[in-house]
Amino acid sequence: MHLFPAAPRTRPRRLALAAAAAALLAAGVLPVLAERGSGSAFAHEGSVPAADLLAKVRSCKQVSHGTYRTDEEKAPSVPVCGAKGAVFFTADMDIDCDGRPTAKCSTSTDPWFQDDTAFHQLDGRPLRADRLPYVVVPGVSDIWDYRAAGVKGGGLVAVIHDDQVEYAVVGDVGPKKIIGEASYATAEGLGIDPDPAHGGTDSPVTYILFTNSQVTPIESHSTAVALGERLAKEFIEDN
């Protein structure tokens, strides 16, 4: 994601055509997803149903000082909301393919490609967008400061689309006035078209960012899923 884009960043959209087909995993059984490979099927991660999480974010106690745009040409409409143990928002999903260049994420596939991410792996390298589910947070502004809210690089995020739940990490920082972007792997895991130039979805995507959480190392998706399972259950119990 461009931290300080030279020109407004807008992405052409098309609605995801894939229909949810994967069966839900048995309660308490976690998938083996240490690193997502290309072409992997999407599925519900963990045993916490999307409906149970969504039931806790139906009302908004706004914590942002204003609202965000979902795209440069759209009017501001998305607030960041607060809950016990988390902040959340419902927006769209644009595709972030930044980080380590791959066959799916590079200057040849993404007009906005950058070979770095705001947060790095344990070995110091940028994240890999086509394998690691991560979410982009807006840059610090007078609208909202993610750091002051207890959100940090590597923080745990539950991303919900339709009846699917994907656990991701905070992996990149974007423009100060736009919200609703996640990595190629996040979109792929939710059955959303992950193409960085034409993919994404305008249909609602809910992002629950668990405050003061940390996935270590940031690149371990299996660790994110295990932590997500625990924090999601606590979130439902506490709200």
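The sections below set out a description of the structure shown in this document. (Residues numbered from 1 in each chain as written. Predicted model: local features only at pLDDT ≥ 70, side-chain atom pairs only at ≥ 80, totals over all residues. Heavy atoms only, no water.)

1. Focus on the packing of aromatic side chains
And then number 1: Enumeration over the complete set of coordinates arrives at two aromatic pairs.
And then number 2: For the pair Phe89 and Tyr207, a centre-to-centre distance of 4.8 Å together with 25 degrees between the ring planes defines the contact as stacked. Here Phe89 is found in strand β3 (residues 86-96), whereas its partner Tyr207 is found in strand β8 (residues 201-210), with 118 residues between them in sequence. The exposure classification of Phe89 matches that of Tyr207, with both residues buried.
And then number 3: Here the aromatic rings of Phe210 and Phe235 are separated by 6.0 Å at their centres, their planes lie at 85 degrees, and the arrangement is edge-to-face. With Phe210 in strand β8 and Phe235 in helix α3 (residues 221-238), this pair connects stretches of sequence that are 25 residues apart. (Phe/Tyr/Trp six-rings, centres within 6.5 Å; stacked < 30°, edge-to-face > 60°. Helix = DSSP H or I, 4+ residues; strand = E, 2+ residues; numbered from the N terminus. Buried < 20%, exposed > 50% of the residue type's maximum accessible area, 1.4 Å probe, protein only.)

2. Points about the nonpolar core
And then number 1: Counting 60 residues, the largest nonpolar core has Leu53, Met93, Val159, Tyr207, Ile208 and Leu209 as the members making the most contacts within it.
And then number 2: Elements with a minimum of two residues in this core: α1 (50-54), β3, β4 (134-138), β5 (156-161), β6 (164-174), α2 (184-189), β8 and α3.
And then number 3: Top contributing element to this core by residue count: β3, with seven residues.
And then number 4: Setting aside residues no more than four positions away along its own chain, Val159 makes contact with Met93, Val135, Gln164, Val165, Glu166, Ala168, Thr186, Leu190, Val205, Thr206 and Tyr207. (Core = buried A, V, L, I, M, F, W, Y, C linked by side-chain atoms within 4.5 Å. Contact = heavy atoms within 4.5 Å.)

3. What to know about the state of the cysteines
And then number 1: One pass over the structure, following the stated rule, counts two disulfides.
And then number 2: Each sulfur of the disulfide joining Cys60 and Cys81 lies 2.0 Å from the other. With the S-S dihedral at roughly -100 degrees, the linkage between Cys60 and Cys81 falls on the left-handed side. Taken together, the residues span a long stretch of sequence, with Cys60 in the loop between α1 and β1 (61-62) and Cys81 in strand β2 (residues 81-83) at a distance of 21 residues.
And then number 3: Judged by its relative accessible area of 40%, Cys60 is partly exposed.
And then number 4: What pairs with Cys97 in a disulfide is Cys105, and their sulfur atoms sit 1.9 Å apart. On the sign convention where negative is left-handed, the bridge of Cys97 and Cys105, at about -60 degrees about the S-S bond, is left-handed.
And then number 5: Accessibility expressed as a relative area gives 0% for Cys97, which makes it buried. (Disulfide = S-S within 2.5 Å.)

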